[in-house]
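Tertiary structure, described
Residues per chain are reported as follows:
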Amino acid sequence: MFNMFAKRCVLMLGMLLGLMVITFLISHVTPGDPAALAAGPDATEEMIERIRVERGFDKPMIQQFAIYVGGVVTGDLGTSIHTTRDVLDDILTFFPATFELVVFSIFVAILLGIPLGVIAAVKQNSWLDNLIRIISSSGVGLPMFWLGLMLQLYFGLQLGWFPLGGRLELMTDPPTTITGLYTIDALLTLNFPVFFEALQHILLPAVTLCFPALASIIRVNRAEMLETLALDYITNARAQGIGVFRIVALYALKNSILPTLALIGLRFGWMLGGTVLVESVFDWPGIGLYTVQAATASDFEPVMASTLVLGAWFMLANFIIDILYGWMDPRVLKKA
């Protein structure tokens, strides 16, 4: 287990370095002067020259990359022209909202996806299986922004069941900050009115964000369950008169869950990228909306920093899944 952990740590550090190389190269191959991009569209020549010297853009490329890596390691991600604050402070402000949305979404996807995949496999070719397959096919094909708009129109505007956007109502004070996640903070401080309001606000964006992941989890889990249910040891268990629930829940699901687990890790990372669309539709004040606003304002450094943060979280999610995979399947540890 230690060897696998050490190898994954080294691999993750290598990928982080690769991500920094990519973001650095993008900032230098895009048309225009990097110093002018960092200074913003309204900067004067004097301001651009000052940024050039401060950021080391007048130095050789290798030295510039070393300065860039040093800045990332020490948390110096530049200053946002749009918010006039340090980019790191902005990231720390907006990231909890995105993290809360993604965690809630993946939780919903797992909670619904695994049981629906199992039911579809057990009831293969029944009307229930066909219905679940239609839902999963729709989830793969529907664009997230379209689904979000439809949910807003029907459940927000027509029925009035859910708010159209934001994390809380304008006149509601956020709960005392402990984790930055409103639902968790409201529960920890026993502020139940704010908890239910935050829950009401997060539901529609979470359903929109989780739908592609939900569809993928259903499809993969159904396929793996069908394969496992056809194995000899399952047939033997049935012949011995063991109950269906025990065969499915204890024998089949445990051995078919590993590919689904790997998929969940990938989907968690993709959800972080998908928040850019969902947060824009629902006006969710997270890092995705922050990135869109920065890009619209030609604010270059926040876009670079957001790319790094989202990429790092994608790697961390897969790192955790790799460790869990090894823990659940000892054969993976032997190969590592």
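The structure under discussion appears in the preceding block.
Bear in mind that the values here come from a model prediction, so they are computed numbers and not experimental data. (Residues numbered from 1 in each chain as written. Predicted model: local features only at pLDDT ≥ 70, side-chain atom pairs only at ≥ 80, totals over all residues. Heavy atoms only, no water.)

1. Quick notes on the overall build of the protein chain
When helices and strands are counted, the protein chain shows 14 helices and zero strands. Along the chain direction, N to C, the helices and strands of the protein chain fall in the order α-α-α-α-α-α-α-α-α-α-α-α-α-α. The dimensions of the protein chain, computed from C-alpha atoms along their principal axes, are 85 × 55 × 40 Å. Looking at the protein chain as a whole, 43% of its 336 residues qualify as buried. In the protein chain, of all internal contacts separated by at least 6 residues, the share reaching a separation of at least 24 is 72%. Accessible area of the protein chain: about 17,900 Å², with a carbon and sulfur share of 69%. Between the mean site of the 19 positive side-chain charges and the mean site of the 26 negative ones, the protein chain shows a separation of 19 Å. (Helix = DSSP H or I, 4+ residues; strand = E, 2+ residues; numbered from the N terminus. Buried < 20%, exposed > 50% of the residue type's maximum accessible area, 1.4 Å probe, protein only. Contact = heavy atoms within 4.5 Å. Areas by Shrake-Rupley, 256 points an atom, 1.4 Å probe, with all protein chains shown as cover. Lys, Arg positive; Asp, Glu negative; His and termini not counted. Charge placed at Lys NZ, Arg CZ, Asp CG, Glu CD.)

2. Concerning the pattern of salt bridges
For the coordinates displayed, the defined rule picks out four salt bridges. Where Arg222 meets Asp129, a salt bridge forms, and the shortest distance between an N and an O atom there is 2.9 Å. With a gap of 93 residues between them, Arg222 in helix α9 (residues 192–229) and Asp129 in helix α6 (residues 127–141) connect regions that are remote in the sequence. Neither residue differs from the other here; Arg222 and Asp129 are each classed as buried. Here the salt bridges share partners, and the residues they tie into one network are Asp129, Arg133 and Arg222. (Salt bridge = Lys/Arg side-chain N within 4 Å of Asp/Glu carboxyl O.)

3. Considerations on the nonpolar core
The biggest cluster of nonpolar side chains holds 52 residues, and the ones touching the most others in it are Ile91, Leu101, Leu209, Met225, Met271 and Ile287. Those elements giving two or more residues to this core turn out to be α5 (87–122), α7 (144–158), α9, α10 (232–239), α11 (244–282), α12 (287–296) and α13 (300–328). Broken down by element, the residue count for this core peaks at 14 residues, all from α5. Setting aside its immediate chain neighbours within four residues, Leu209 contacts Leu101, Val102, Ser105, Met144, Met271, Gly274, Thr275 and Val278. (Core = buried A, V, L, I, M, F, W, Y, C linked by side-chain atoms within 4.5 Å.)

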